[in-house]
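A closer look at the structure
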Amino acid sequence: MALETVDYIWMDGKTVPWADATVHVLTHALHYGSAVFEGIRCYATAEGPAIFRLREHMERFERSAKMLYMDLGYSVDDLMQAVKETIRANELPACYIRPLAFRGYGSMGVDPIPAPVQVIIACWPWDTYLGQDALQEGVDVGISSWRQRGINATPPAIKSSASYLNSAFAKIEANKHGYAEAILLNEEGRVCEGTGENIFVVRDRAIMTPPVSDGVLEGITRDSVMVIARDLGYDVLETSLVRTDLYIADEVFMTGTAAEVVPVRSVDHHVIGRSGPVTLELQQAFFRAARGEDPRYEDWLDRVE
Ligand code: PPE
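Residues numbered from 1 in each chain as written. Predicted model: local features only at pLDDT ≥ 70, side-chain atom pairs only at ≥ 80, totals over all residues. Heavy atoms only, no water.

Some words on the overall build of the protein chain
We apply this condition: Put simply, DSSP H or I for four residues or longer makes a helix, DSSP E for two residues or longer makes a strand, and each gets a number counted from the N terminus. Our radius of gyration is a C-alpha quantity, and the globule rule it is checked against amounts to 2.2 Å times the number of residues to the power 0.38. Any residue under 20% of the maximum accessible area for its type is buried, any over 50% is exposed, and the rest in between are partly exposed; the area is computed with a 1.4 Å probe on protein chains only. In what follows, a contact means two residues having at least one pair of non-hydrogen atoms within 4.5 Å. Areas reported here follow the Shrake-Rupley algorithm with a probe of radius 1.4 Å; residue values treat only the protein chains shown as occluding.
The secondary structure content of the protein chain amounts to eight helices and 17 strands. In summary, the protein chain has a C-alpha radius of gyration of 19 Å against a globular reference of 19 Å for 305 residues, a match within 12%. If you line up the protein chain on its principal axes, its C-alpha atoms span 55 × 45 × 30 Å. Counting every position in the protein chain, which comprises 305 residues, the buried fraction comes to 54%. Contacts in the protein chain between residues far apart in sequence, at least 24 positions, make up 70% of those at least 6 positions apart. Carbon and sulfur atoms form 52% of the exposed surface of the protein chain, whose accessible area is close to 13700 Å².

A look at the site of the ligand
Note the threshold: If a single non-hydrogen atom of a residue is within 4 Å of a molecule or strand, that residue counts as near it. We call two N or O atoms a polar contact when they sit within 3.5 Å, provided that within protein one can donate a hydrogen and the other can accept it, with sequence-adjacent residues counted only if both atoms are side-chain atoms. Gly counts as polar in this scheme, as do all residues outside two lists: the nonpolar Ala, Val, Leu, Ile, Met, Phe, Trp, Tyr, Cys and Pro, and the charged Asp, Glu, Lys and Arg.
Around the ligand, the surrounding shell holds 22 residues, and the nearest of these are Tyr-96, Tyr-129, Tyr-164, Thr-221 and Thr-257. Interatomic distance of 2.7 Å between a side-chain N/O atom of Glu-193 and a nitrogen atom of the ligand. The contact in question runs from an oxygen atom of the ligand to an N or O atom on the side chain of Thr-257, over 2.6 Å. Its free accessible area being 550 Å², the ligand has 94% of it covered by the protein chains. Elements with a contribution of two residues or more to the shell around the ligand: strand E6 (95-103), strand E10 (191-194), helix H6 (220-231) and strand E14 (251-256). Residue composition of the shell around the ligand, by class: seven nonpolar, ten polar and five charged.

Re the packing of aromatic side chains
Applied cut-off: For this analysis, a ring pair means two rings from Phe, Tyr or Trp (six-membered ring only for Trp) whose centres lie within 6.5 Å, classed as stacked if their planes differ by under 30 degrees, edge-to-face if by over 60, and tilted for the remaining angles.
If you walk through the whole model with that rule in mind, you get 13 aromatic pairs. For the pair Trp-10 and Tyr-74, a centre-to-centre distance of 5.1 Å together with 70° between the ring planes defines the contact as edge-to-face. Separated by 64 residues along the polypeptide, Trp-10 in strand E1 (residues 8-11) and Tyr-74 in the loop between helix H2 (54-67) and helix H3 (76-90) bring together distant segments of the chain. Owing to a relative accessible area of 25%, Tyr-74 belongs among the partly exposed residues under this scheme.

Let's talk about the side chain of His-57
Looking at where His-57 falls in the secondary structure, it is placed in helix H2. The class of His-57 is buried, set by a relative accessible area of 1%. Leaving out residues up to four positions away in the same chain, His-57 has contacts with Glu-38, Gly-39, Ile-40, Phe-52, Ile-220 and Thr-257.

Considering the state of the cysteines
For the record, the criterion: The rule for a disulfide is simple: a pair of cysteine sulfur atoms within 2.5 Å.
In total, this model carries zero disulfides according to the counting rule given. The structure places no disulfide on Cys-42, whose sulfur is separated from the nearest cysteine sulfur, that of Cys-95, by 4.7 Å.

Quick word on a nonpolar patch on the surface
Basically, it comes down to this: Grouping into patches uses exposed residues only, defined as over 30% relative accessible area, and leaves out salt-bridged ones; the cut-off is 9 Å for like charges and 5 Å for nonpolar side chains (Val, Leu, Ile, Met, Phe, Trp, Tyr). Counted as salt bridges are all cases of a side-chain nitrogen of Lys or Arg within 4 Å of a carboxyl oxygen of Asp or Glu.
Residues Val-25, Leu-26, Leu-30, Tyr-32, Tyr-105, Met-108 and Val-110 make up a contiguous nonpolar surface patch of about 710 Å² in total accessible area. Among the structural elements, Val-110 can be located in the loop between E6 and strand E7 (117-124). Judged by relative accessible area, which is 63%, Val-110 ranks as exposed.

Thoughts on the domain arrangement of the protein chain
How we decide: Throughout, the edges of the domains are those of an automatic or database domain assignment. A 1.4 Å probe defines the accessible area here, and the buried area is the portion of it lost by two parts on being joined, summed over both.
Domain boundaries in the protein chain define domain 1 (8-124) and domain 2 (134-290). The distance between the C-alpha centroids of domain 1 and domain 2 comes to 26 Å. Each partner contributes to the interface: domain 1 provides 20 residues, whereas domain 2 provides 19 residues. Both sides together, the interface formed by domain 1 and domain 2 hides about 1700 Å², and carbon and sulfur atoms give 61% of it. Among the residues of domain 1 in contact with domain 2, Phe-37, Tyr-43 and Arg-60 are the three that bury the most area, contributing 34% of the side total. Asp-223 is paired through a salt bridge with Arg-53; the nearest N and O atoms lie 2.8 Å apart. Remark: the boundary between domain 1 and domain 2 carries ten residue pairs in polar contact (both at pLDDT 80 or more). Elements supplying a minimum of two residues to the side of domain 1 that touches domain 2: strand E3 (35-37), strand E4 (40-45), H2 and E6. Residue contributions to the side of domain 1 that touches domain 2 peak at five residues, all from H2. For the side of domain 1 that touches domain 2, a count of residues per class yields ten nonpolar, five polar and five charged.

Rendered as structure tokens:
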């Protein structure tokens, strides 16, 4: 996807011009995948730009770093401030935000510990990941022949750059097969997630999503949708799912910061149908919350004054 550039990027504590936010080719992370990141969205609201669940994202960022023995050198509050500064510097009404912490230049070899930690925060305008049409029409997805890694190999719970090599395999395969997205199963054959989204199934008005213990990222959109669904009176279950649960579902949808809430129209060519009523209700409620139109979820928004 072509990148829409803006003026500034926050890099190691300073706001620098976009073109100057560069690294050396012997940056450790480039060779060994030693990096963790976040994806956050800032939405346009009636009271100006508001960042969706910023604290939760930065806390997950800190947890990802901790699991890789990486000291970020900034507190969650520092990072939250830095995000706001970056959005203000770029005068963006709405954007996608990408914090990244990586092992930088100065040592080679697999051991990341001797390499310095660098932190950047970039933001840019990014339309909904799977396309505007997808939000209404839904997407066709296929079960990938690639498996989700087990919890003892590049753990799915860590939002690490290295994890996305596996996602890339699945994404390339899905694209070659004409699918918009891939669904990964774990080694036991249980449904995990998309290459950059969590997955939900609706059956008899019960809403189900795989538990984190099956090997999924603890998605913040996933959590938001679970909260909203319960508030709307739905039963929400975190329960293991197998591929046939997707085939016979009344509705299937995916959630993610970049993708937002996207209906799934078919799985392995089994037609689920266009956006169903439950998906649509949750999608609309999610967007109302993100755009500051539902006072119940005001706590989820961090305003950029
Ligand atoms: N699973 C994976 C593997 C994943 O990458 C994401 C987010 C999610 C679930 C949903 O998590 P959350 O955003 O907290 O609801 N994927 C990010 C990166 C997307 C990209 O391809 O780049 C995102 O949506 O920002």
